[in-house]
Amino acid sequence: MNTAQNVTVTAPPGDSETDRLEALLGQVSDPEIPVVSIRDLGILRDISLDGGQVTVTITTTYSGCPAMSTIKADIRQTLSDAGYQDVQVKQSLSPAWTTDWMTAEGREKLREYGIAPPQKSVDGRCAVVSPGTAVICPQCSSEHTECISEFGSTACKALYRCLECAEPFDYFKCL
Amino acid sequence: MNSNSDNKEAGKQDIVNYAIALGDDSLTLGHRLSEWSSNAPFLEEDLALSNVALDFIGRAMMFYSYSGEAEGAERNEDDIAYLRDCREYRNLLICELPIGDFADTMARQFLVDVYDVGFYTELMKSADETLAAIAAKAVKESRYHLRRSEEWIKRLGDGTDESHDRMQRAFNDVWGYTHELFEVDKTEQSLINAGIAVDRPALKADWERYVQSVLKEATLDTPDGQWSIRGGREGMHTEHLGYLLAELQFMQRAYPGLEW
């Protein structure tokens, strides 16, 4: 189920240059949540190399996410700093991004950063919380938490409070 | 590519116009919701309304950039949003109405959210791949929007006398604008027949059933539907759209070609 390996690289296997590109793009982070990279989030979908031209395909998270334009600019900047002048960033709509594409590593980084990672979807459907499961406090690991608001500081997060340690925290919503 | 090339060609501009109309629905409602930024009753609600606004504006961007590409890349999404006047906008009238008070905003939002969940679920099956892909994103967001607006309707409807009365008045005031959600013209009907557009009249029964059950739980009466107003898809708007566009388009009108 975990499609952590979902970045396709359109190049011969073992090609060192595409490995290098993938590593470089692994440094591009979400401007709102700097601890996770675009690879951790599962929004990096494809890297292709054609002669000198690099085409990077990313997927939109939320329709109106204001971070997308910054992410595109950061991809261009990162690759240009590494000597790639001819870079195209494409945005793909389909298949629609889901938080299920977030890597295990990404989830752990979020938790360490103080954001509860998204739950896995159930039957391809999910809203804030899948029924019957609790959002676990990233501070004290308690399951005794409550939702304060279904929208937090950004569209992708909801605001929660831990009833055990009393800390408020962000929950990265399941989408 | 398609043997039925006559149909295909005739439909091209119709698809562009259809996508623009869907973008117009999203942009006008998104802009209205954004008017709550820094004005909502409390902080969490302010963030919520602003985030919902962003989802709608994002949808508009996807619909507009698709229509721009489909018609030959002469206009981009900004040109389509900023450089058309009222009569060229094709949004459903309910989307352009002023935000009113919180009850007005939530009544309209709930009615549109129920409609959007039904609409985008169907649009996901569109023969047009891009429209189907946009719908697949939008439907997830709309389900989430609906959870929230529905909660508010129940809480305020079944709340104090004051909140009940204001919620009821809000539904009475907006109800006449809902009929248009389920009416299509000939061009749209031909897109429905081609499997591209959503058969909106077919959504009405489910929509009514859902809305009525929530209103009942909220101890509210379903308005009697004695009046109705229509015209958005033909470019015939209420007086409110002009004011909305005046604010939305001011910078591009005052400083054409401005970028930042």
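Our subject is the structure listed above.
Residues numbered from 1 in each chain as written. Chains lettered and ligands numbered in written order. Predicted model: local features only at pLDDT ≥ 70, side-chain atom pairs only at ≥ 80, totals over all residues. Heavy atoms only, no water.

**Student:** An account of the side chain of D170(A) is needed here, citing residue identities and associated values.
**Tutor:** Mapped onto the secondary structure, D170(A) falls in strand β8 (residues 168–172). Of the polar contacts made by the side chain of D170(A), one reaches the side chain of S153(A); its length is 3.5 Å. (Helix = DSSP H or I, 4+ residues; strand = E, 2+ residues; numbered from the N terminus. Polar contact = N/O pair within 3.5 Å; in protein donor to acceptor, adjacent residues only side chain to side chain.)

**Student:** I'd like a rundown of the interface of chain B and chain A, residues and numbers included.
**Tutor:** Taken together, the contacts link 22 residues of chain B with 25 residues of chain A. Taking both sides of the interface into account, the surface hidden between chain B and chain A amounts to around 2000 Å²; carbon and sulfur atoms contribute 62%. The interface formed by chain B and chain A includes one salt bridge. Where R147(B) meets E150(A), a salt bridge forms, and the shortest distance between an N and an O atom there is 2.9 Å. (Contact = heavy atoms within 4.5 Å. Buried area = accessible area lost by both parts, 1.4 Å probe. Salt bridge = Lys/Arg side-chain N within 4 Å of Asp/Glu carboxyl O.)

**Student:** Account for a nonpolar patch on the surface, naming residues and giving values.
**Tutor:** Residues and elements named next belong to chain B. Together, F250, M251, Y255 and W260 make up an exposed nonpolar region whose accessible area comes to about 560 Å². Considering the arrangement of structural elements, one finds F250 in helix α11 (residues 250–254). A relative accessible area of 48% means that F250 is categorised as partly exposed. (Patch = residues over 30% accessible without salt bridge, like charges linked within 9 Å, V, L, I, M, F, W, Y side chains within 5 Å. Areas by Shrake-Rupley, 256 points an atom, 1.4 Å probe, with all protein chains shown as cover. Buried < 20%, exposed > 50% of the residue type's maximum accessible area, 1.4 Å probe, protein only.)

**Student:** How would you explain the packing of aromatic side chains if you had to name every residue and give the values?
**Tutor:** All names here are of chain B. Considering all chains together, one arrives at 13 aromatic pairs over all chains under this definition. Between W36 and F102, the ring centres sit 6.0 Å apart and the planes meet at 85°, which makes this aromatic pair edge-to-face. Of the two residues, W36 is situated in the loop between α1 (5–34) and α2 (43–70) and F102 in helix α5 (residues 102–123); the sequence distance between them amounts to 66 residues. The class for W36 is buried, based on a relative accessible area of 8%. In textbook terms, an aromatic cluster arises when at least three aromatic residues are bridged by ring pairs, as seen for Y115, F119, Y120, W175, F182 and W207. Over the ring of Y89 we find R84; its NZ or CZ atom is 4.1 Å from the centre of that ring. (Phe/Tyr/Trp six-rings, centres within 6.5 Å; stacked < 30°, edge-to-face > 60°. Lys NZ or Arg CZ within 6 Å of the ring centre and 35° of its normal.)

**Student:** Please set out the sheet that holds strand β5 (residues 115–116) of chain A residue by residue, giving values where relevant.
**Tutor:** Residues and elements named next belong to chain A. One open sheet holds the four strands; their spatial order is β5-β8-β7-β6, and the pairing between them is mixed. Of all strands in the sheet, those bounded by a partner on one side alone are β5 and β6 (145–149). Direction of pairing for β6 relative to strand β7 (residues 157–162): antiparallel, over a ladder of four bridges. In the strand pairing of β7, C147 is matched with Y160. (Pairing = 2+ DSSP bridges.)

**Student:** Let's hear about the packing of α2(B) against α5(B): which residues, and what values?
**Tutor:** In a packed pair of helices, the relevant descriptors are the angle between the two axes and the axis-to-axis distance. All names here are of chain B. Relative to each other, α2 and α5 sit at 40°, their axes nearing to 14 Å. As judged from the angle between their axes, α2 and α5 are oblique. Crossing of α2 against α5: the hand is left-handed. For the pair formed by α2 and α5, the contact residues are E45, L49, V52, F56, R59 and F63 on the first element and F102, T105, Q109, D113, D116, Y120 and L123 on the second. Of the residues that constitute the contact of α2 with α5, the class distribution is seven nonpolar, two polar and four charged. (Axes fitted to C-alpha atoms, helices over the stretch in contact; angles between N-to-C directions. Parallel < 35°, antiparallel > 145°, perpendicular 65-115°, else oblique. Left-handed = near helix turned anticlockwise from the far one by under 90°. Nonpolar A, V, L, I, M, F, W, Y, C, P; charged D, E, K, R; others polar.)

**Student:** Now, about the pairing of β7(A): what can you tell me, with residues and values included?
**Tutor:** Residues and elements named next belong to chain A. As judged from the five bridges shared by β7 and β8, these two strands associate in the antiparallel manner. Bridge pairing in β8 links Y160 to F169. Between β7 and β8, which pair antiparallel one after the other, the connecting turn spans five residues, and A166 there sits at a positive phi close to 70°.

**Student:** Mind laying out the packing of helix α6 (residues 129–157) of chain B against helix α7 (residues 161–174) of chain B, listing which residues take part and the relevant values?
**Tutor:** Residues and elements named next belong to chain B. Where α6 contacts α7, the axes come no closer than 7 Å and their chain directions differ by 125°. The angle between α6 and α7 falls in the class oblique. Contacts between α6 and α7 involve I153, L156 and G157 from the first element and S163, H164, M167 and F171 from the second. Among the residues forming the contact of α6 with α7, the class breakdown is four nonpolar, three polar and no charged.

As far as function goes, none of this settles anything; it's purely spatial.
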